[in-house]
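Observations on the three-dimensional arrangement
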Amino acid sequence: MVATHNLIATERVEKIEAQPLHHVNIPYEKATFGMGCFWGCDSLFGATKGVLRTSVGYSGGTTPAPVYRNMGDHTEVIEIHYDPTVLNFSDLLDLFWNNHEYGLTTRIKRQYMSLILYHNEEQRRISEESRAEEQIKRAPEKIITEIAPAGIFYPAEDYHQKYRLQGHRELAKSIGLTPELLHKSHVAARLNGYLIGVGGLDQFEKDTDRLGLNTDQAQYVRDYVRENEGGGIFC
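What counts, and at which threshold
- Residues numbered from 1 in each chain as written.
- Predicted model: local features only at pLDDT ≥ 70, side-chain atom pairs only at ≥ 80, totals over all residues.
- Heavy atoms only, no water.
- 1 Å grid on protein atoms, 1.4 Å probe; cavity = no way out; pocket = protein on both sides within 12 Å on 5 of 7 lines; lining within 4 Å.
- Points joined across faces, edges and corners; volume = space filled by probe spheres on them.
- Nonpolar A, V, L, I, M, F, W, Y, C, P; charged D, E, K, R; others polar.
- Helix = DSSP H or I, 4+ residues; strand = E, 2+ residues; numbered from the N terminus.
- Contact = heavy atoms within 4.5 Å.
- Domains from an automatic or database assignment.

Once that is clear, we can look at empty space enclosed by the protein. Taken as a whole and assessed by the stated rule, the structure comprises 2 cavities of 30 Å³ or more. If you add up the space inside the largest cavity, you get close to 60 Å³. Around the largest cavity, the lining comprises 13 residues; the ones closest to its centre are His100, Gly103, Tyr112, Met113 and Ser114. Considering only residue class, the lining of the largest cavity consists of 7 nonpolar, 5 polar and 1 charged. The computed volume of the second largest cavity comes to approximately 40 Å³.

In this structure, Thr75 sits in strand 3 (residues 75-82). Along the backbone, Thr75 and Ala218 are 143 residues apart, and their C-alpha atoms lie at a distance of 35 Å. Apart from the residues lying within four places of it in its own chain, the contact partners of Thr75 are Gly57, Tyr58, Ser59, Arg110, Gln111, Met113 and Leu115.

Here we come to the layout of surface pockets. Its volume calculated, the largest pocket comes out at about 250 Å³. Along the wall of the largest pocket there are 14 residues; nearest its centre are Lys49, Gly50, Arg190, Asp207 and Arg210. Contributing elements (two or more residues each) for the lining of the largest pocket: strand 2 (51-59), helix 8 (186-194) and helix 9 (200-211). Residues that form the lining of the largest pocket fall into these classes: 5 nonpolar, 3 polar and 6 charged. A domain split of the lining of the largest pocket shows at least three residues from each of domain 1 (26-156) and domain 2 (159-228).

So this is what it looks like as C-alpha cells:
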C-alpha cells in the first residue's frame, strides 16, 4: 500500500510548485567530523534540530585539491553549520560518539578514520574532555579518535552531497535542487535525513510548514519517515 501511494505521490509532486526554505539567515558556528562514510552522517546531522546546513568533503590532510578517486591523506568529513542557540558543540559530540559506521576503536584506512577537526580553542577543549569521558565508558577498548585543528575543507563532488535525497529524483526536482543548493540548502539537508527516518515522524510534522513543503511533497516524505524511522543511517 505504501509503495502504491508513493508512486502516486511521485507523479503528483512534480506538478505543484513549491516554495522550499533553501536559505536561512541565522548566525552559525561550524563543526567538522569524520565518522566513516560521509553519506550516513550527512543524513544524521541534516535532520538534527538546530543544524542549518551540511556539506560533505575531504579534510585533515595535506594533499592539494583532493577528489574522491585521489584523496591522498585526507579523510571523508562532514562540515556542519549549526545554530548555537538551539544546540551546542557537546550535543553534536554526543551524536558523533554514538554513530560511527566503522567504530571508534578499530583502526582502518585514513579515508574513514574517526576525526574531530576543531575550529577554536573551546571546541578543542570540549573535544578532548569529551574523548576522555568516552574512553572511560568504553574501557578496556582504546578510542583512536584524532583531534586536530581544522584546515581547508574541500567539498566533495556533487553526487556525494545529500546522497539519500538525490535518490528521490522527482522530489529533488520539485524543490528546485541545483548543484549549488546541494551544498547550501536548509530544506535539502532536512529532507536528506527525514527520508531515511532520522528525526522521526513527530519532528517532521512540526517542521513541514516551516520548510515550505506543499501537501504532496510532505505526504511523500511522510511515507518514508514512517517506513524508515528507527532504521540504520549508514552507507
